[in-house]
Each structure stands twice: as structure tokens, then as C-alpha cells.
Amino acid sequence: MAELGYDIDDIYEQEPDPGLGNGGLGRLAACFLDSMATLAIPATGYGIRYDYGIFKQTIQKGAQVEVPEEWLTLGNPWEFERPEFTIKVCFYGKTAHRTDKQGKLKVDWIDTQDVLAMAYDTPIPGYHNGVVNNLRLWSARSSAEFELEYFNDGDYIKACEDKISSENISRVLYPSDTVSKGVELRLKQEYFFTAASMQDIVRRFKAHNTDFGTFPDKVAIQLNDTHPAVAIVELMRILLDDEDLDWDTAWDITTRTFAYTNHTMLPEALESWPVKLFGELLPRHLEIIYEINHRFMAEVTMRYPHDLDRPRRMSLIDERGARRIRMSHLCIVGSHSVNGVSRLHTELIKSDIFKDFYDFSPEKFNAKTNGITQRRWLKKSNPRLSALISENIGEGWVTDLTELKKLVPFAEDGGFLDKWREVKQANKKDLAAYIKKEKGVDVDTGSIFDVQVKRIHEYKRQLLFALYLVAEYLSIKHGTAGDFVPRTAIIAGKAAPSYTMAKLTIKLVNNIAAVINRDPAVNDKLKVFFLENYRVSLAEKIFPASDLSEQISTAGKEASGTGNMKFMLNGALTIGTLDGANIEIADEVGEENIFIFGKKAHEIQELRKSGYDPRKFLLNSPVLEEALRLIEENFFSPFEKGIFNPICDSLLLNDPFMVFADFDDYLATQKKVSAAYLDRNSWAARSVLNTANSGMFSSDRTVSEYASEIWDV
Ligand code: 8GP
């Protein structure tokens, strides 16, 4: 490339990220694929080949503006089109009931409108082990028969419209990671890729097997949240209607095949589909769901004959208001395993949203703490640190992350600590150069790189970080900051396009950054940057350069988090609440090497119950009061007066995520961080210990647990 006059990094920059997911849930799946291939587990990942993945985020006048990302227009060299595996997926129509020659009741799904699912395969190589697994993504094509009807009638335009409409199914990823809106196209997407995948799985099974009784021994299907929940019903349909099995046999096969992972407890994210919409699109599946529910309700009533409310709470159908199908209930009833993604999250689903189901079948519930692949998140993205580690403890960590424990003694080796710091410094220089290029502002690489990168959401509390930065700004202005330890705050993340409060938070951060970065009085002490279009390739630049990892969600709300693990692996120290996997990170690294603050999950619950009044906390915190007042008085919005009122009002009136309740403790803990950073050697030692103790957060460990405890593979 150099001979040809190109810089290889410029070439790499040309390639768009395949943004086929929203946030943590999708990225977790990508890490799992890498681990499954590396552990030589024969596995396929199934999903949708979206023409437009997650939008590209641009910032205009401080606000997020979404632009479609055309990642496929210049071609995608990593995939293979597999037209030979094209599958027909049916929608709409009606069911016809009849008795066959043996007098058995049979159901036909007829008069359907059909769409083709075309397979595109992306090879997933394991690490130096000769194994290549497959990621199979489905793209929607119109079915020729469907068009012909209209062509024959001479209605060319109608035929073309229908072609477009069926191909729209795989057009675009829904860009909200936490809200399930119940729109028809989304349900079509879910059934489209699920039905294609189930037919593909059954076809492969039948190529080598004849007895469906062995299906659960050969096939395990892990449902990544409820989005593919209808797979349970689709397998029942195939076994009953196509393969002629009786209900009990089909149900036994199905429940032994499926397992379900829950990724969030946020009520707005729990999927439920209006019965009417579902029944029109998938009439046969609705009948099967009714039958599953009928039998399940009978069991519940038998077990709790005197508890009349329990069947109502546990039903697959929510009867309050217009009837809806509860997809999580379908997943629990139709699976042999239900897992949370951290220890705390699992305890909470057992005691809270799925308590009735835990009472009913406790044996199904288990915890599988998330993990990340060190091949991408250390070896590939942080080559300097990888080299330093391998020089000292060998390369074993690449496939066994617990090998990093061998770094523990190096935390007391001054020469090694110097090299460790040099690596961090070089990575910070690279990120500073990127920020200079993007923002035109100089960055002090001697400052603490204090970083919060993740989707923007109220529960993740980017506002807590923003209020802290305003408070620090004020303390510098007032001259009360003392020996201020310089900081560079870096924030990045996308907001769902319809999530007003999240978008306003981005605007607030950008406006705060504009004021602070322009003020000569604070300039050598504090700078704030919102980096636009957070994505995997940007994350790979950020984690290696970070000193401090912000994991500050309201306790009980973040199911696990995985960014927290990427920071730790790259030697950042965490400031965080006892939420999700932070708790397990603290256990591994030891409390001396992490900055924990804030209310615990049960305290949050109790405070809420006893009637939380944010103003009480505000009255007791002059610093918070002044920071909030600055925002209210339009200091950061002189030309757009009042635009941040919705944020201030929400905090003052009910503060749903208890930002005020945790503010003082957060501020005090940040002061401890600054003091700790001043002792460069002990900070470096703690940084080494973070990396050294991150072994359990490899997705190799997570996937091994799924393999032995759920899939039996
Ligand atoms: C995320 C969780 O918020 C995060 O804590 C966790 O690390 C990650 O899943 C992987 O387990 N959950 C989601 O992204 C999520 O639930 N999204 C679906 C509801 C759309």
C-alpha cells in the first residue's frame, strides 16, 4: 500500500462498520460468535441483513441528526450470497381445519402472501484453530408467484408495489434499544428471520436424521431476548402441521430445544404484540399460542387452586385493555432455561418481573454473566498493550484470559509500571490526535481521560456525569478547586431518534463542552468532548486510551453492561454503582482498585417506596443546587432560552433515575479519583491489577457456561 502511495489506515477508514445492532445486546452476540468459533463449538448465528443498519449520528448545532448509513452500496466483500438456500416465508391468510384419512384433525394455513428469504453467509473464523463458523443473515425478496398474479391481470404497477413492499422487510434496523413499539413491520421482521432460520435448522436436521425425537439432542436454540420468540411457535407449527407429530411430542421437543436470555427489566422494552395484529399476520401461530396458553393455565390453576390472580398474571395473554401477547412469558414457558446476564440481574428477574415463573419452575432459572472477546477488545484494538503483556507472560491469554492473573506480581515492578504507563500515554496521544482532527481542540494527555461511552439513556445517567462536570467547572471558576487534577471528559453514544430526553442530553453535553472548552480560565484543567457516531471502530480507539470508566447507572437498571469489561481489560479504573456486572468487577479487582458509590439496588427500591422527593436532596447539596441553577438560567443556552427546561423539570419533579440521590456521593468519590491519580505509580499499579483480574470477563468463559449448562454441547 505504501508503494502505491496509500496509508493503510486511510484504507481501513473507508470500510463502514456493519452496524447490524443497537447496542450491548447485538455486540454481545458478535463477541459470542467469536468465542464459539474459537472454542470450536459448531454454531450458526442467525439474523437480518439490513440494507440500513444503525443510523450514522451527526451533530449539528450540538444536536443529534440521524443520517442513513449505506454500508452495502460499495459492496460487502466479507459475505457470500447463497441463493441455493432461499426460503419461502408465509404471512397473512387463514387457517382451514379438516380431518385426514386416519381421522386426525389437521390444520392448513392457506391463502398466504409469501416473501422469500435469501441467505447471505459471513464466515466467522476461530482464532488459529482451523474452525470457521457461519453467520447467516436473511434478506427479503419478493416471491415470483406472488407477482405473477398481478402481472397476469395486467396490473404492472401493483405488482411492482408489492415487490417493493415485501423487500422492505429487511430494509432498516429499528433504532431504539429499549422501547418496543408494537408496529407491524417490526413483527414482520421478527417472523421473517425467525421462520427462515427455523426452516433452515429443520432442513439441516433432516439431511442427516429421520427421528424428530432426537432433535433436542442435535439442536440447541438460544433466543437472544424475545425478538425471535415466535420461533417457539414456528417449531410447534412445523412439528404439528408439516411433520404430523402429536401435541405432547411436539411440545416436549420444543421445550427441550429452546433457551431464553433476558437482557433488560425496563418495562418499556418488554415486547408484547396486540392479539389482533398478530392474528392477522400469523393466524395459525395465534391458534397455537392459545393452545399453549390453555394448557399452561390449566397447570397453573392445578398448582395454585386458591390463587385466582396468579393465572391472570402468568397468562401469555395480557387481558388488561386491548389484548396483547406477552412474548417474555411465551419464551419462559416454551424454554427449558431462562437466564439473566449478570448475578444481580438474575436475582432481580427471579424476585421481580418473573417472580411467579420462578416460583413455578425455579429449575429453569440461571445466571450467565456476560463477557467480551479479548481477541477484538485487547489483541486487535490495543496492539501496544497486547505486545507488552505477551512479552512478559506469553500469548496464552489470547485463548485463556485467566492467564492475565500472571500480571499480578508486575504491579509491584517499577520498571514494568513505567512501560505500562508509556503504553497508556501513547494510546492517549493517538486519541488526542483523533479529537484534534475531529474537534480542532488540543487535549492534555497528562489529564485524566474520564470516559462514558454507551447508548444515551436516562437510566445510564449521562446527566449525572454532566452535572458533575458543571460542578467542577464552577469550582474552578470560584477558585475553590484547590490543586485541580486536570481532566478530559469524553462522552459518546447514540440516542434513539424518538427519545426526546436522550437527544436533549446530547445537546446539553455539547453546549456544556462549548462553554468549558472556550473558557481560558479553565482550559488547562478541564475539557469536555462529545465524540460523534459512537460505533465499534470508534470504541476501539477509546478503550485503550481511557483512564477512568464511568459506569454510573441507577442500581438495578443496567442488566450487565459490557463496556465496563472492555475498559477494565484495557487498564482503566472504574467509578461505578453496584449495578449489573460492576458488582462482579468489584469482586474480582478488589475494593481498593475500584471507586464504588451510590445507593444499592434495594436502597433505590426502598427510597422509591417511601416516597422519593428529589428536592430534599437538592436542598442539602449547595454544589448540586448551583450546577442545576446554571443550566436553568440558560448559562449554556443563551440563544435558546429554556431549551433545557424539560431536563431540569424532570429532575426536580420526580427524578425517575435518582440522579440527585446519588450526586453528593458521586462528587465525593470523584474527588478520591483525582487524589488517587496524583500518585502516578499507585494508579499504574491499580491499572495493571484491573487488567490482571479481568480474566473472568472473557466471552470464552460465558460461552463455555452456556455450552455445558444449557446447550449440552
Ligand atoms: C442490554 C443491557 O442493557 C446491557 O446491560 C447488557 O450488557 C446487554 O444487553 C447485553 O446483555 N440490553 C439491551 O440492549 C436490550 O435489552 N435491548 C432490547 C430490548 C431491545
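Before reading on, note that the structure itself is shown above.
Within each chain, residues carry numbers counting from 1 in the order of the written sequence. Residue-level local features of this predicted model are given only where pLDDT is at least 70; pairs of side-chain atoms are given and counted only at 80 or more, and the full residue set underlies all totals for whole chains, interfaces and linings. Just so you know, side-chain values use all the structure's heavy atoms and leave hydrogens and water out.

1. What to know about the overall build of the chain
We count a stretch as a helix when DSSP gives it H or I for four or more residues in a row; a strand needs E for two or more, and each element gets its number in order from the N terminus. When its secondary structure is counted, the chain shows 29 helices and 21 strands. Within these notes, the globule rule equals 2.2 Å times the number of residues to the 0.38 power, and the radius of gyration is based on C-alpha atoms. What you see for the chain is a C-alpha radius of gyration of 27 Å, in line with the 27 Å of a compact globule of 713 residues. Its C-alpha atoms give the chain principal-axis dimensions of about 90 × 65 × 55 Å. The classification of residues rests on relative accessible area computed with a 1.4 Å probe and restricted to protein chains. Under 20% of the type maximum is buried, over 50% is exposed, and intermediate values are partly exposed. The 713 residues of the chain split such that 57% are buried. Accessible surface is estimated by sampling points in the Shrake-Rupley manner with a 1.4 Å probe; for residues, cover comes only from the protein chains shown. Accessible area for the chain stands at about 30200 Å²; split by element, carbon and sulfur atoms hold 53% of it.

2. Section: the pairing of strand β14 (residues 337–340)
Alternating positions in β14 separate into two faces, S337 and N339 on one and V338 and G340 on the other, with burial throughout. We treat two strands as partners when DSSP finds at least two bridges between them. Here strand β10 (residues 258–261) pairs with β14 via three bridges, running parallel. Looking across to β14, one finds that A259 is bridged to S337. In terms of strand pairing, β14 meets strand β15 (residues 365–367) through three bridges, oriented parallel. Looking across to β15, one finds that N339 is bridged to N366.

3. Considerations on the pattern of salt bridges
One side-chain nitrogen of Lys or Arg within 4 Å of one carboxyl oxygen of Asp or Glu is enough to make a salt bridge. Under the defined criterion, the tally for this structure stands at 58 salt bridges. Of the charged contacts in the structure, one is a salt bridge between K541 and E13, with a shortest N-O distance of 3.2 Å. Within this pair, whereas K541 is found in helix α20 (residues 536–542), its partner E13 is found in helix α1 (residues 8–13), the two being separated by 528 residues in sequence. Measuring nitrogen to oxygen at the nearest pair gives 2.6 Å for the salt bridge that ties K477 to D519. A residue pair is termed long-range when its members are at least 10 positions apart, and K477 in helix α18 (residues 462–478) and D519 in the loop between α19 (500–518) and β18 (526–531) qualify at 42 residues. Put simply, D307, D309, R310, R312, R313, K355, D356 and D359 are held in one network by salt bridges that share partners.

4. Let's talk about the sheet that holds β15
If you walk across this open sheet you meet the four strands as β9-β10-β14-β15, and the pairing is parallel. Across the chains shown, the open sheet's two edge strands, defined by having one partner strand only, are β9 (221–224) and β15. Taken over all neighbouring pairs, the strand axes of this sheet differ in orientation by 25° on average, direction set aside. Sheet strands in contact with helix α8 (residues 247–257) are β9 and β10, and its direction is about 40° off that of β10. Angles run from 0 to 180 degrees between N-to-C directions of axes, and those axes are lines fitted to C-alpha atoms, restricted for helices to the stretch in contact. Pairs of residues are marked as contacts when any of their non-hydrogen atoms sit within 4.5 Å.

5. Structural notes on empty space enclosed by the protein
For each structure, a 1 Å grid was placed over the protein atoms alone; sets of points admitting a 1.4 Å probe that cannot get out are labelled cavities, open sets with protein on both sides within 12 Å along at least five of seven lines are labelled pockets, and lining residues have an atom within 4 Å of a point. Grid points are joined across faces, edges and corners, and a volume is the space filled by probe spheres set on the points. Evaluation of the coordinates by the stated rule reveals four cavities of 30 Å³ or more. What lines the largest cavity is a set of 14 residues, among which E458, L463, L651, F657 and V659 lie closest to the centre. Going through the elements one at a time, α18, α19 and α26 (645–653) are the ones with two or more residues in the lining of the largest cavity. If you tally residues by element for the lining of the largest cavity, the top one is α26, at three residues. Its residues placed into classes, the lining of the largest cavity shows seven nonpolar, four polar and three charged. Three classes are used: nonpolar for Ala, Val, Leu, Ile, Met, Phe, Trp, Tyr, Cys and Pro, charged for Asp, Glu, Lys and Arg, and polar for all others, with Gly counted as polar.

6. A short note on the nonpolar core
Grouping buried Ala, Val, Leu, Ile, Met, Phe, Trp, Tyr and Cys residues that are joined through side-chain atoms within 4.5 Å yields what is termed a nonpolar core. Judged by nonpolar contacts, the single largest core of 150 residues is most densely connected at F192, F278, L467 and F660. Setting aside residues up to four positions removed in sequence, F660 forms contacts with L467, Y612, P614, F617, L618, L624, L628, L651, L652 and D655. Among the nonpolar cores identified, the runner-up in size contains 53 residues, and I393, W397, V443 and M565 belong to it.

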